[in-house]
Amino acid sequence: MDTRSKIILLEQARTQQRGKPACWVTGHFDPLLAEHVRRLREQVAPGRLLIVEVTNPARPLLPQQARAELVAALTMVDYVVLGNGTSGSPEIDSSLTQRFVETVLRRHRGERTG
């Protein structure tokens, strides 16, 4: 299965959701981290769709489409929407990405001084 087929338009996602319970999660996923996957897995429930809206941070590392393809490849995700962050729940990754960047910078500085 080409997981890119899970990337659909907002209107299509709303049609797929109609009459079904769904969890709608919003985030940048830039980059997609293991903690993102764990948090998405926590949203899975039997009989409930997991719809993920991939939004853009101020200065993205990866293009939105590339991030959407990575999220769509996760088996627990039913649909992915390219969005602006106004459709779903609060973003799950604002602090995750910041902590990741801080850790990388701290380690990089440590290597240069050693």
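Residues numbered from 1 in each chain as written. Predicted model: local features only at pLDDT ≥ 70, side-chain atom pairs only at ≥ 80, totals over all residues. Heavy atoms only, no water.

Colleague: Requested: an account of the pairing of strand S2 (residues 22-27), with residues and values cited.
Modeller: Within S2, five of the six residues are buried, leaving the element largely enclosed by the surrounding structure. In this structure, S2 lies alongside strand S3 (residues 49-54), joined through six bridges in parallel fashion. Bridge pairing in S3 links Val25 to Val52. After leaving S2, the chain enters helix H2 (residues 34-42) and then returns to the sheet as S3, a path that is right-handed. (Buried < 20%, exposed > 50% of the residue type's maximum accessible area, 1.4 Å probe, protein only. Helix = DSSP H or I, 4+ residues; strand = E, 2+ residues; numbered from the N terminus. Pairing = 2+ DSSP bridges. Right-handed = clockwise from strand over helix to strand, strands pointing away.)

Colleague: Run through the sheet that holds strand S4 (residues 79-82), naming residues and quoting values.
Modeller: Ordered in space as S1-S4-S3-S2, the four strands form an open sheet in which the pairing is parallel. The sheet is open, and its two edges are formed by strand S1 (7-8) and S2, each paired on a single side. Strand direction decides the pairing type here: S1 and S4, joined by two bridges, are parallel. Bridge assignment links Ile8 to a residue of S4, and that residue is Val81. Helix-sheet contacts for helix H3 (residues 64-72) involve S1, S3 and S4, and the interaxial angle to S4 is about 170°. (Contact = heavy atoms within 4.5 Å. Axes fitted to C-alpha atoms, helices over the stretch in contact; angles between N-to-C directions.)

Colleague: Explain the environment of Lys6 to me, and be specific about the residues and the numbers.
Modeller: Secondary-structure assignment places Lys6 in the segment before S1. Accessibility expressed as a relative area gives 9% for Lys6, which makes it buried. Measuring from C-alpha to C-alpha, the distance between Lys6 and Ala73 comes to 8.5 Å, with 67 residues separating the pair along the chain. In contact with Lys6, other than residues within four places in its own chain, are Met1, Ala72, Leu74, Thr75, Val77, Asp78, Tyr79 and Val80. Separated by 2.6 Å, the side chain of Lys6 and the backbone oxygen of Val77 make a polar contact. (Polar contact = N/O pair within 3.5 Å; in protein donor to acceptor, adjacent residues only side chain to side chain.)

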